[in-house]
Amino acid sequence: MSAKIIDGKSIASELLDNIKEEIITRTNEGHRAPTLVVILIGENPASKIYVNRKIMACEKTGIKSITHNLKENVTEQELLKLIIACNQDNEIDGILVQSPLPSHINEEVIIEAINPKKDVDGFTPHNIGLLAIKTPILRSCTPYGVIKMLDTLKIKLEGLDAVVVGQSNHVGRPMFLELLLAKCTVTICHSKTKNLQEKISQADIIVSAVGVPNFIKGNWVKHGAIVIDIGITRLNNNKIVGDVEFDAAKERAAFITPVPGGVGPMTVATLMENTLIAQKLF
Ligand code: GUN
């Protein structure tokens, strides 16, 4: 059996079309365009690409974007000042600070400075906490994108054994909470996990967010499993790959996301959705 390859690009594109329609309707009703501030610090090439994709999605949906390109040596105080000004500006609905941040800036301090009502990344302790108590509002974009993707494909998650690999604050942990909210039985694995292969091979759904090519071997995948690859690595030959041995895994899985073109576009689409939600609710 060969897996159905999940076309995240087309699912995301449909979501962007729906958001665009809703924004047109709201604009006709007299609302201003939702507005997203994107803060990019330094010259990280991957971050520049991601930010450009977010700005292009804003253009596609009718969201107004305001980009701040800050120098690598910007101080934490200067960055905090900008965030506080954005928090106070009633014409700004969402604030996104692209990570990673330079090492002299404390990411936790920066994230906690963002008003949770404008936290369209869903990274603040408040928004993670709302997800943890089953009342999410602004949900972390990548995990929420995974759930929306599976929902669009009408894949039922209730009761499935899920394994999340990776325990980062931005992806692994909120992914664990999203799958729990969807009533999966969830195991989260990390660098100290014993018998990783055994755990993965029992999973009905595997979500990997490690960032190491070929970390998940194809023959670890249970026949008929759902494989979601959030990892993204650019190899020396410029090829973009995920965490999963794709060719081998797709011969066993029922569904699998490719890299690129799987989860990545969903992250951008849910960011747009969060920006619209932030405007509507707050
Ligand atoms: N860096 C990589 N992915 C993301 C993301 O989704 N949001 C932010 N703010 N930074 C990132």
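Please refer to the structure placed before this passage.
Just so you know, these numbers come straight off a predicted model, no measurement behind them.

**Here we look at unusual backbone geometry**
Trans peptide bonds make up the majority, and among non-glycine residues the majority have a negative phi.
Phase 1: Across the junction of Ser99 and Pro100, the peptide omega takes the value 5 degrees, indicating a cis bond.
Phase 2: Mapping Pro100 onto the fold places it in the loop between strand E4 (94-97) and helix H4 (107-113).
Phase 3: Of note, the amide linkage connecting Val259 to Pro260 takes the cis form, showing an omega dihedral of 0 degrees.
Phase 4: Locating Pro260 in the fold gives a position in the loop between strand E11 (255-256) and helix H10 (263-281).

**Some remarks on the sheet that holds strand E8 (residues 226-229)**
Phase 1: If you trace the 6 strands from one edge of the open sheet to the other, you get E1-E11-E8-E7-E5-E6, paired in parallel fashion. Looking at the sheet topology across the chains shown, the edges are occupied by strand E1 (4-5) and strand E6 (185-189).
Phase 2: Pairing of strand E5 (residues 161-165) with E6 involves 5 bridges; the strand directions are parallel. Following the sheet pairing, Val163 is matched in E6 by Thr187.

**Comments concerning the packing of helix H2 (residues 45-61) against H10**
Phase 1: At a closest axis distance of 10 Å, the pairing of H2 and H10 adopts a crossing angle of 55 degrees. One finds that H2 runs oblique with respect to H10. Between H2 and H10 lies a crossing whose hand is right-handed. Facing H2, whose interface residues are Arg53, Lys54, Ala57, Cys58 and Thr61, H10 presents Val268, Leu271 and Met272.
Phase 2: By residue class, the composition of the contact of H2 with H10 is 5 nonpolar, 1 polar and 2 charged.

**Topic: empty space enclosed by the protein**
Phase 1: Scanning all chains against the criterion turns up 1 cavity of 30 Å³ or more.
Phase 2: Ile95, Val97, Ser99, Leu101, Glu107, Ile110, Ile111, Ile114, Asp119, Asp121, Phe123 and His170 are the residues that line the largest cavity.
Phase 3: For the lining of the largest cavity, the secondary structure elements donating two or more residues are E4 and H4.
Phase 4: Examining the composition of the lining of the largest cavity, we find that 3 residues originate from one element, H4, more than from any other.
Phase 5: In terms of residue class, the lining of the largest cavity is made up of 7 nonpolar, 2 polar and 3 charged.

Here is what the cut-offs are and how they apply
- Each chain carries its own residue numbering, running from 1 in the direction its sequence is written.
- Totals for whole chains, interfaces and linings use all residues, but because this is a predicted model, local features are given only for residues with pLDDT of at least 70 and pairs of side-chain atoms are given and counted only at 80 or more.
- Side-chain metrics in this entry use all non-hydrogen atoms of the structure; hydrogen atoms and water are not considered.
- What counts as a helix is a DSSP run of H or I of at least four residues, what counts as a strand is a run of E of at least two, and both are numbered from the N terminus.
- Pairing between two strands is assigned when DSSP locates at least 2 bridges connecting them.
- Lines fitted to C-alpha atoms define the axes, with helix axes restricted to the stretch in contact, and inter-axis angles between N-to-C directions lie between 0 and 180 degrees.
- Any angle that falls under 35 degrees is termed roughly parallel, while one over 145 is termed roughly antiparallel, one within 65 to 115 roughly perpendicular, and all others oblique.
- In a left-handed crossing the near helix is turned counterclockwise from the far helix by less than a right angle, and in a right-handed crossing that turn is clockwise.
- We call two residues in contact whenever any of their non-hydrogen atoms come within 4.5 Å of each other.
- Under the scheme applied here, ten amino acids are nonpolar (Ala, Val, Leu, Ile, Met, Phe, Trp, Tyr, Cys and Pro), four are charged (Asp, Glu, Lys and Arg), and all others, including Gly, are polar.
- Using a 1 Å grid laid over the protein atoms alone, points where a 1.4 Å probe fits but cannot get out form a cavity; open sets with protein on both sides within 12 Å along at least 5 of 7 lines form a pocket; any residue with an atom within 4 Å of a point counts as lining.
- Grid points are joined across faces, edges and corners, and a volume is the space filled by probe spheres set on the points.

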